[in-house]
Amino acid sequence: MSERLQLRKARRLVIKIGSALLTDDGKGLDVAALGLWVDQIAELIAEGVEVVVVSSGSVAEGMSRLGWNARPQHLHELQAAAAVGQMGLVQTWEAQFKRHDIHTAQILLTHDDLSDRKRYLNGRSTLRTLLDYGVVPIVNENDTVVTDEIRFGDNDTLGALVANLIEADGLIILTDQLGLFNKDPRKHQDAELVTERRAEDRDLDAMAGGGAGALGRGGMLTKLRAARLAARSGAFTVIVGGRIEHAISRLRQGDVIGTLLLPEQGRMAARKQWIASHLQTRGKLTLDDGAVKVLRQGGRSLLPVGVKAIAGQFRRGEMVSCVDLNGREIARGLVNYDADEARAIAGRSSDRIADVLGYVSDEEMIHRDNLVVV
Ligand SMILES: Nc1ncnc2c1ncn2[C@@H]1O[C@H](COP(=O)(O)OP(=O)(O)O)[C@@H](O)[C@H]1O
Ligand SMILES: N[C@@H](CCC(=O)OP(=O)(O)O)C(=O)O
């Protein structure tokens, strides 16, 4: 199955592991299983793949540490359990990765963090920096301050948002079933595994509607939604049984296990479509004829040297319009500098950026991945 090749080629992956799996159905952290996933992730890293782990299980582990048998009803009790359990989670991830001399970092996020443009960019650069240094970020929701997420459980969505954030090639969701079945396998013995679909396939909605297990919160519906969200930045999603022996390594080899949910289009096409449909531009860059020519050739970044004038007050990461000397729009893209910085470096060659600003965020005014010629 050629689509499985995508797993062999992936350079950046988000791996999300659910509560039921991590805590061996609530019996406490399954250190042995966690160690086996870490061994497989370490293999990926040795091959040069960047991996972010999204780890659930803080509430379940907290309940086990506090000796609570039933999931508490009150939000503050859930939050307390999560705070206790998170300690166990990060200690265990850290200890297991240490066996491979790999550092880990704790990242606690809320959905709000990812919808605020500035925090989004900050989160993105921290995660990218950690990955550059070969560190494995261990992400969970910041349960101390969130309310809805802890009540409904939504680390599947968080996994997809992180995949969008770091522009991952794929999201692997490890769960307690072999994958997505055409109906809930806990209730129907004749349920059949779905091996591959387009994430947008509407037939999947009815299949995934069976609710969650006792410990997990989202069930398959949030996994399906997560796959659709990941597909928006062109990432594939695999939902796969975390108890399958060597599940991650086998996926990497292209074995047909689990359910592969594919985006409609590739990562770059999806990103460019997103940029193109982002209607609100915050500023305008006027380009000289040389820059216009280069951009029209396609596949090239916009350098500060080709920018003649700047209009508007925009921030780094916002959308700007690029126009020629007659004011005709040539391209749109996400700018790497705030307006004031952009004004200071416009018309200068990239090796002068450090002299002018005292630092260099990026060599390009707009990177080619973030630029759409109109
Ligand atoms: N069509 C389906 N295929 C597989 N599992 C399903 C389906 N519909 C509902 N489920 C349920 O979803 C559960 C997995 O979701 P959840 O408990 O939230 O896991 P996790 O903790 O891994 O996020 C399964 O144990 C299963 O009972
Ligand atoms: N932050 C919570 C997430 C709960 C959650 O989403 O669980 P799951 O459906 O098992 O991924 C925790 O760590 O318990």
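Residues numbered from 1 in each chain as written. Chains lettered and ligands numbered in written order. Predicted model: local features only at pLDDT ≥ 70, side-chain atom pairs only at ≥ 80, totals over all residues. Heavy atoms only, no water.

Peer 1: Hey, could you run me through the overall build of the chain in this one?
Peer 2: Looking only at helices and strands, one finds 16 helices and 13 strands in the chain. Whereas a compact globule of 374 residues would reach a radius of gyration of roughly 21 Å, the chain reaches 23 Å, a difference of no more than 12%. With respect to the principal axes defined by its C-alpha atoms, the chain has extents near 70 × 40 × 40 Å. Per-residue burial over the chain gives 52% buried out of 374 residues. Restricting the contact set of the chain to residue pairs at least 6 apart, pairs at least 24 apart contribute 73%. On the chain, roughly 17,100 Å² of surface is accessible, and the fraction owed to carbon and sulfur atoms is 47%. Taken as two groups, the 48 positive and 50 negative side-chain charges of the chain have centres that lie 4 Å from each other. (Helix = DSSP H or I, 4+ residues; strand = E, 2+ residues; numbered from the N terminus. Rg over C-alpha atoms; globule rule 2.2 N^0.38 Å. Buried < 20%, exposed > 50% of the residue type's maximum accessible area, 1.4 Å probe, protein only. Contact = heavy atoms within 4.5 Å. Areas by Shrake-Rupley, 256 points an atom, 1.4 Å probe, with all protein chains shown as cover. Lys, Arg positive; Asp, Glu negative; His and termini not counted. Charge placed at Lys NZ, Arg CZ, Asp CG, Glu CD.)

Peer 1: Would you mind showing me how to read the sheet that holds strand β11 (residues 319-323) here?
Peer 2: The strands making up a sheet associate through backbone hydrogen bonding, with each pair oriented either parallel or antiparallel. Spatial ordering of the open sheet is given by β10-β9-β11-β12-β13, a layout of five strands whose pairing is mixed. The open sheet is flanked by β10 (307-311) and β13 (371-373), the only strands paired with a single partner. Between one strand axis and the next, the sheet turns through 20° on average, direction left out of account. Across three bridges, the pairing between strand β12 (residues 329-334) and β13 is antiparallel. Of the residues in β13, the one forming a bridge with A331 is V373. (Pairing = 2+ DSSP bridges. Axes fitted to C-alpha atoms, helices over the stretch in contact; angles between N-to-C directions.)

Peer 1: Got a minute to help me understand the UniProt feature "binding site: ATP" (unreviewed entry) in the chain in this structure?
Peer 2: When the UniProt feature table is mapped onto this chain, "binding site: ATP" (unreviewed entry) is found at K16, T175 and D176. Considering the C-alpha atoms alone, the annotated residues occupy 161 residues of sequence yet fold into one spot, their largest mutual distance being 12.1 Å. Examined against the element boundaries, T175 turns out to sit in strand β5 (residues 170-175). Ignoring anything within four residues of it in the chain, the contact list for T175 reads L21, M220, K223, I239, V240, G241 and G242. Polar contacts involving the side chain of T175 include one to the side chain of D176, which spans 3.2 Å. (UniProt positions renumbered as here; feature names shortened; annotations may be inferred. Polar contact = N/O pair within 3.5 Å; in protein donor to acceptor, adjacent residues only side chain to side chain.)

Peer 1: It is not clear to me how the pattern of salt bridges should be interpreted in this structure. Could you clarify?
Peer 2: Note on pairing: side chains with opposite charge can pair once their charged atoms come close. In total, this model carries 24 salt bridges according to the counting rule given. Across the pair R65 and E61 runs a salt bridge, and its minimum N-O distance is 2.8 Å. Residue R65 and its partner E61 are both found in helix α4 (residues 58-66); the two are separated by four residues, about one turn of the helix. Under the relative-accessibility criterion, E61 is labelled buried at 6%. The salt bridge partner of D201 is R197, with a shortest N-O separation of 3.1 Å. For D201, a relative accessible area of 21% corresponds to the partly exposed category. (Salt bridge = Lys/Arg side-chain N within 4 Å of Asp/Glu carboxyl O.)

Peer 1: What's the story with the UniProt feature "binding site: substrate" (unreviewed entry) in the chain in this structure? I'm lost.
Peer 2: Within this numbering scheme, the UniProt entry marks S56, D143 and N155 as carrying the feature "binding site: substrate" (unreviewed entry). These annotated residues cover 100 residues of sequence, but their C-alpha atoms sit close together, with the largest distance between any two at 11.0 Å. As for its position among the elements, S56 is in the loop between β2 (50-55) and α4. Leave out the neighbours within four places in its chain, and S56 touches K16, I17, G18, S19, L22, L89, N140 and N155. Mapped onto the elements, D143 comes out in the loop between β4 (136-141) and α8 (148-152).

Peer 1: Would you take a moment to explain the domain arrangement of the chain for this structure?
Peer 2: Interfaces are frequently sized by the accessible area removed from exposure as the parts join. By domain assignment, the chain separates into domain 1 (4-270) and domain 2 (279-373). Domain 1 and domain 2 are separated by 37 Å when their C-alpha centres are compared. (Domains from an automatic or database assignment.)

Peer 1: Can you walk me through the packing of helix α9 (residues 155-165) against helix α11 (residues 219-232) in this structure?
Peer 2: Packed helices, taken two at a time, are described by the angle between their axes plus the distance between the axes. At their nearest, the axes of α9 and α11 sit 8 Å apart, and the two run at 10° to each other. One way to sum up the angle between α9 and α11 is to call them roughly parallel. Residues D156, T157, A160, L161 and N164 of α9 form the contact with α11, whose own contacting residues are G219, T222, K223, A226, L229 and A230. (Parallel < 35°, antiparallel > 145°, perpendicular 65-115°, else oblique.)

Peer 1: Looking at this structure, how should I read the pairing of β5?
Peer 2: Look at any regular strand and the pattern is simple: side chains alternate between the two faces of the sheet. β5 sits mainly inside the fold: six of its six residues count as buried. With five bridges connecting them, strand β1 (residues 12-17) and β5 associate as parallel partners. The residue bridging I17 from the neighbouring strand is L174, located in β5. Looking at chain direction, β5 and strand β7 (residues 236-241) are connected through six bridges and run parallel.

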